[in-house]
Amino acid sequence: MTACDNDQDANQAKGETFCRRAKEMRADIALFPEMWNIGYTPCPPDEEGRKGWQSQAIGPDDEFIAHFKELAKELNMAIALTYLERWDGAPRNSVSLIDRQGKVIMTYAKVHTCDFSMEAACTPGDEFYVATLDTGQGPVKVGAMICFDREFPESARILMLQGAELILTPNACNLDDGRI
């Protein structure tokens, strides 16, 4: 699933199509690639470009997220939605876990942001979270980390110690033998 660059309307429509396809395949949860709302588009290095890129950040009450909350309810399926999250100062690279009733039960912001990429324009998160997700098969404790977080063993260890049975790991880079 490849995003339509930073076209949020197109990404919303494409994301919905893939969620519906996942439901047809009897999935309990759909997980989006990292920073789906803007397709992990690069942050321009100049100040004006950076401000424009950061202005694409969305908040919990924005239509993009509301759309997927309604879709989760309609499909009776959890959705782990990724996006550039509006935040005081600079935005965050985040994932919100929406349960099958359409409620956000956890929002996690990437802790280990990369200082060598666009994420230098982001605010890092400050901790890892675990939430209990009610699925059709019963409850499961779910944690999350995003892409580069997996390079640090303590990310998974913290989630495991908090009781995570499933760790969602949205990603935007290619997975090769060194990153499986």
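Bear in mind the structure is a predicted one, so any value in this text is a computation, not a measurement.

A. Structural context of the nonpolar core. Ranked by size, the top nonpolar core spans 19 residues in total, and within it Val 95, Leu 97, Tyr 108, Phe 128, Leu 133 and Val 142 carry the most contacts. Every element with two or more residues in this core is listed here: β2 (78-85), β3 (92-98), β4 (104-109), β5 (130-135) and β6 (138-144). Filtering out sequence-adjacent residues up to four positions away, Leu 133 remains in contact with Ile 29, Ala 78, Leu 97, Asp 99, Ile 105, Gly 138, Pro 139, Val 140 and Val 142. One finds Ala 22, Ile 58, Met 77 and Ile 98 within the second-largest nonpolar core, a separate group that totals 18 residues.

B. Here's a closer look at the pairing of β2. Burial of β2 is extensive: 8 of the 8 residues sit out of reach of the surface. Pairing of strand β1 (residues 29-31) with β2, which is carried by 3 bridges, proceeds in the parallel orientation. Bridge pairing links Ile 29 to Ala 78 in β2. Of the pairings in the sheet, the one linking β2 to β3 comprises 7 bridges and is antiparallel in character.

C. Region of the structure containing the packing of aromatic side chains. Considering all chains together, one arrives at 5 aromatic pairs under this definition. Here the aromatic rings of Phe 32 and Trp 36 are separated by 5.6 Å at their centres, their planes lie at 50 degrees, and the arrangement is tilted. You'll find Phe 32 and Trp 36 in the same group, each marked buried. Plain terms: the ring middles of Phe 32 and Phe 68 are 5.3 Å apart, the flat faces sit at 75 degrees to each other, and that makes the pair edge-to-face. Of the two residues, Phe 32 sits in the loop between β1 and α2 (47-54) while Phe 68 sits in helix α3 (residues 63-75), which places them 36 residues apart along the sequence. Residue Phe 32 shares its accessibility class with Phe 68, and that shared class is buried. The structure contains a cluster of three or more aromatic residues connected by ring pairs, namely Phe 32, Trp 36, Phe 64 and Phe 68. Over the aromatic face of Phe 18 sits the side chain of Arg 21, whose NZ or CZ is 4.5 Å from the ring centroid. In this structure, Arg 92 packs its charged tip against the face of Trp 87, placed 3.5 Å from the ring centre.

D. The arrangement of the environment of Ala 164 in detail. Within the element layout of this structure, Ala 164 appears in the loop between α4 (153-161) and β7 (166-168). The class of Ala 164 is buried, set by a relative accessible area of 17%. Along the backbone, Ala 164 and Val 130 are 34 residues apart, and their C-alpha atoms lie at a distance of 6.0 Å. The contact partners of Ala 164, leaving out residues within four places of it in the chain, are Val 130, Lys 141, Gly 143 and Leu 159.

E. Quick look at the sheet that holds β4. The mixed open sheet is built from 4 strands, whose spatial order is β1-β2-β3-β4. A strand with exactly one partner marks an edge of an open sheet, and here the two such strands are β1 and β4. Averaged over all adjacent pairs, the angle separating strand axes in this sheet is 20 degrees, with direction ignored. In terms of strand pairing, β3 meets β4 through 5 bridges, oriented antiparallel. Bridging from a neighbouring strand, Ser 96 pairs with Thr 107 of β4.

F. Summary view of the packing of helix α1 (residues 8-24) against α3. Two elements in contact, α1 and α3, have axes whose closest approach is 11 Å; the angle formed by their N-to-C orientations is 15 degrees. Relative to α3, the element α1 lies roughly parallel. Handedness of the crossing formed by α1 with α3: right-handed. Along the contact surface, α1 presents Gln 8, Asn 11, Gln 12, Gly 15, Glu 16, Cys 19, Arg 20 and Lys 23, while α3 presents Glu 63, Phe 64, His 67, Phe 68, Leu 71, Glu 74 and Leu 75. Per-class residue counts for the contact of α1 with α3 are 5 nonpolar, 5 polar and 5 charged.

The rules behind the values
- Residues numbered from 1 in each chain as written.
- Predicted model: local features only at pLDDT ≥ 70, side-chain atom pairs only at ≥ 80, totals over all residues.
- Heavy atoms only, no water.
- Core = buried A, V, L, I, M, F, W, Y, C linked by side-chain atoms within 4.5 Å.
- Buried < 20%, exposed > 50% of the residue type's maximum accessible area, 1.4 Å probe, protein only.
- Helix = DSSP H or I, 4+ residues; strand = E, 2+ residues; numbered from the N terminus.
- Contact = heavy atoms within 4.5 Å.
- Pairing = 2+ DSSP bridges.
- Phe/Tyr/Trp six-rings, centres within 6.5 Å; stacked < 30°, edge-to-face > 60°.
- Lys NZ or Arg CZ within 6 Å of the ring centre and 35° of its normal.
- Axes fitted to C-alpha atoms, helices over the stretch in contact; angles between N-to-C directions.
- Parallel < 35°, antiparallel > 145°, perpendicular 65-115°, else oblique.
- Left-handed = near helix turned anticlockwise from the far one by under 90°.
- Nonpolar A, V, L, I, M, F, W, Y, C, P; charged D, E, K, R; others polar.

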